[in-house]
Amino acid sequence: MFSKLCSARKTETMKPRTARICIYPKDIQIITGKSERYSRHLIIKIKTALNKEKHQVLTIREFCTYMGIPYESIQGLITN
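Note on numbering: residues in each chain are counted from 1, in written sequence order. In keeping with the model being predicted, local features are shown solely for residues with a pLDDT of at least 70 and side-chain atom pairs are shown and tallied solely at 80 or more, while totals for entire chains, interfaces and linings include all residues. Side-chain measures were taken over the full set of non-hydrogen atoms in the model, leaving aside hydrogen atoms and water.

**Structural notes on the layout of surface pockets**
Looking at the largest pocket, its volume works out to about 210 Å³. Here a cavity denotes a set of grid points, spaced 1 Å apart and computed over the protein atoms alone, in which a 1.4 Å probe fits but from which it cannot get out, and a pocket denotes an open set meeting protein on both sides within 12 Å along at least five of seven lines; residues with an atom within 4 Å of a point are reported as lining. If you go around the largest pocket, you meet 12 residues; those closest to its centre are Ala19, Arg20, Ile60, Tyr71 and Gln75. Residues are grouped as follows: nonpolar covers Ala, Val, Leu, Ile, Met, Phe, Trp, Tyr, Cys and Pro; charged covers Asp, Glu, Lys and Arg; every other residue, Gly included, is treated as polar. Residue classes in the lining of the largest pocket are distributed as six nonpolar, three polar and three charged. Grid points are joined across faces, edges and corners, and a volume is the space filled by probe spheres set on the points.

**Details of the packing of helix 2 (residues 25–32) against helix 3 (residues 36–49)**
Lines fitted to C-alpha atoms define the axes here, with helix axes fitted over just the stretch in contact, and angles between the N-to-C directions of these axes take values from 0 to 180 degrees. Each helix corresponds to a stretch of at least 4 residues labelled H or I by DSSP, and each strand to a stretch of at least 2 residues labelled E; elements are numbered beginning at the N terminus. One way to put it is that helix 2 packs onto helix 3 with a least axis distance of 8 Å and a crossing angle of 110°. Considered as vectors, helix 2 and helix 3 are oriented roughly perpendicular to each other. For the pair helix 2 and helix 3, the crossing hand works out as right-handed. Where helix 2 abuts helix 3, its residues Pro25, Ile28, Gln29 and Thr32 lie against Glu36, Tyr38, Ser39, Arg40, Leu42 and Ile43. Within the contact of helix 2 with helix 3, the residues separate by chemical class into five nonpolar, three polar and two charged. Angle categories are assigned with fixed cut-offs, so that under 35 degrees is roughly parallel, over 145 is roughly antiparallel, 65 to 115 is roughly perpendicular, and the rest are oblique. Crossing handedness is read from the near helix: turned anticlockwise from the far helix by less than a right angle, it gives a left-handed crossing, and turned clockwise, a right-handed one. Should any heavy atoms of two residues lie within 4.5 Å, those residues are counted as being in contact.

**What to know about helix 3**
Counted at 1.5 Å a residue, the expected span for helix 3 with its 14 residues is 20 Å, and the 20 Å between its end C-alpha atoms agrees. Partly exposed residues are those whose accessible area sits between 20% and 50% of the maximum for their type, while under 20% is buried and over 50% is exposed, using a 1.4 Å probe and protein chains only. Among the residues of helix 3, those classed as buried are Ser39, Leu42, Ile43, Ile46 and Lys47. Taken end-on, helix 3 shows its buried residues confined to a sector of 130°, consistent with a single buried face. Looking at helix 3, the residues exposed on the side facing more than 90 degrees away from the buried face are Arg37, His41, Ile44 and Thr48. The secondary structure elements touched by the buried residues of helix 3 are helix 2 and helix 4 (60–67). Among the residues trailing helix 3, Asn51 stands out with phi positive, at a value near 55°. To estimate how far a helix should extend, the number of its residues minus one is multiplied by 1.5 Å. Arc, as used here, means the arc of the directions from the helix axis to the C-beta atoms.

Written as structure tokens, this is what we have:
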């Protein structure tokens, strides 16, 4: 009985993993192997090229398109 109760609680508390769509300097640092400062500068450069405003975020797909990197190749590198 106790094992049934525990397994029922596990399924109730487990939430589905959500994938995020925006990219951060730390992600770019991991992908490129460059510094965090370079990564922040690159985000600004890409946002300027895409005519995004300062408050708007850069998506992973936009980053991949700009850099010419297939989305599938970096999908496993970016963690939540």
